[in-house]
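# A look at the structure
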Amino acid sequence: MKKVNVKITFLEGILGTSSADPEIYTRFIGAKAPDAVSVEEEVEALGAESIVERGTTVFPRDDDGTPFLYDYQIKGFFKDACSMLSRLSEKDPETGKKKKAKNESGKLTAYKKAIDGLIFVEPRKIHLESPGPVTICQRPLRAQTAQGERVALSSSEELPAGTTVTMTIICMDDSHWKAVKEWLDYGLFRGIGQWRNSGKGRFAWEVLG
């Protein structure tokens with residue numbers, strides 16, 4: 001078993017993903033996924049964008065008001081990174097044909113089960129240390145529906161670039177650490193939180209001594 005203390009520094013603002021409406025999860029889960037084991041698991045599986053139907057998305061907060069990320073949000077990022085990186089291909093120098101790239105993500109079979117059962121993040125609540133106050137980020141949200149393009153205004157709490165988190169990543173199988181490093185490196189290109197496709201939530205990381 002390998003335990004590594006990691007610090008993440010966000011290079012762009014990070015947006016909150018939790019709904020400010022306390023009843024929206026109950027309404028959505030009850031209508032869409034009545035057999036869900038937990039709200040958190042369903043949010044992770046479907047993506048926050050599928051669940052937040054109205055209102056501003058926010059950061060969960062401790063009793064003293066400190067915003068934080070849940071451990072499952074980091075594991076959700078791991079799954080997203082592994083899914084994308086496993087799709088990479090390269091050209092075979094002998095045949096000139098495309099073949100699957102030999103990266104760590106491509107080697108990991110049944111990666112969702114491996115991340116769920118063999119890779120863990122501590123603590124449960126990962127506090128966000130920010131150099132500035134929480135602000136609001138608003139942007140248009142477009143989606144293609146059966147009735148045509150739908151445009152709405154999406155609003156989220158945002159913490160600025162320079163915000164940091166520290167956590168411990170536990171790999172039950174030491175060999176998985178190479179894949180975890182690959183996923184963390186991917187954070188330079190695609191981050192954590194809402195509106196990731198715009199570059200929000202991108203980060204750099206380092207191992208703490």
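Everything quoted here is computed from the prediction, not taken from an experiment.

## A few points about the overall build of the protein
If you tally the helices and strands in the protein, you get seven helices and 13 strands. Out of the 209 residues belonging to the protein, those deemed buried represent 44%. Once local pairs closer than 6 in sequence are excluded, the contacts in the protein between residues at least 24 apart make up 73%. With an accessible surface of roughly 11700 Å², the protein has 50% of that area assigned to carbon and sulfur atoms.

## Examining the confidence of the model for the protein
Scored by pLDDT, the protein comes out at a mean of 83, with 77% of its residues at no less than 70. Residue range residues 45–54 is modelled with pLDDT below 50. Its contacts to residues more than four positions away, or to other chains, number 25 contacts.

## Quick word on the sheet that holds strand β8 (residues 119–122)
Within the open sheet, the four strands sit side by side as β8-β12-β1-β13. Their pairing is antiparallel. Taken across any chain shown, the strands that pair with only one partner, and hence form the sheet edges, are β8 and β13 (203–207). Looking at each pair of strands side by side, their axes are set apart by 30° on average, direction ignored. Direction of pairing for β8 relative to strand β12 (residues 164–171): antiparallel, over a ladder of four bridges. By the bridge assignment, Glu122 is partnered in β12 with Thr168. Each of β8 and β12 is contacted by helix α6 (residues 111–118), which is oriented at about 45° to β8, the strand it contacts most. Packing against the sheet, helix α7 (residues 177–186) makes contact with β1 (2–10), β8, β12 and β13, and its axis sits at approximately 145° to β13.

## Concerning the side chain of Thr164
Position of Thr164 among the secondary structure elements: in strand β12. In this structure Thr164 comes out as buried when scored by relative accessible area, which is 15%. When near neighbours in sequence (up to four residues on either side) are disregarded, Thr164 contacts Lys7, Ile8, Thr9, His127, Leu128 and Glu129.

## Describing the packing of aromatic side chains
Under the counting rule described, the total for this entry stands at seven aromatic pairs. With centroids separated by 5.2 Å and ring planes inclined at 10°, the aromatic side chains of Tyr70 and Tyr72 adopt a geometry described as stacked. Measuring from ring centre to ring centre gives 5.3 Å for Phe77 and Phe203, while their planes differ by 65°; the resulting arrangement is edge-to-face. Of this pair, Phe77 sits in helix α4 (residues 71–85) while Phe203 is found in strand β13, placing the two residues 126 residues apart along the sequence.

## Looking at the pattern of salt bridges
This model, assessed by the stated rule, comprises eight salt bridges. For the salt bridge of Lys200 with Glu158, the shortest nitrogen-to-oxygen distance reads 2.8 Å. Linking Lys200 in the loop between α7 and β13 with Glu158 in strand β11 (residues 148–159), this pair joins segments that are 42 residues apart in sequence. Residue class for Lys200 comes out buried when judged on its relative accessible area of 17%.

About the cut-offs
- Residues numbered from 1 in each chain as written.
- Predicted model: local features only at pLDDT ≥ 70, side-chain atom pairs only at ≥ 80, totals over all residues.
- Heavy atoms only, no water.
- Helix = DSSP H or I, 4+ residues; strand = E, 2+ residues; numbered from the N terminus.
- Buried < 20%, exposed > 50% of the residue type's maximum accessible area, 1.4 Å probe, protein only.
- Contact = heavy atoms within 4.5 Å.
- Areas by Shrake-Rupley, 256 points an atom, 1.4 Å probe, with all protein chains shown as cover.
- pLDDT = per-residue confidence, 0-100.
- Pairing = 2+ DSSP bridges.
- Axes fitted to C-alpha atoms, helices over the stretch in contact; angles between N-to-C directions.
- Phe/Tyr/Trp six-rings, centres within 6.5 Å; stacked < 30°, edge-to-face > 60°.
- Salt bridge = Lys/Arg side-chain N within 4 Å of Asp/Glu carboxyl O.

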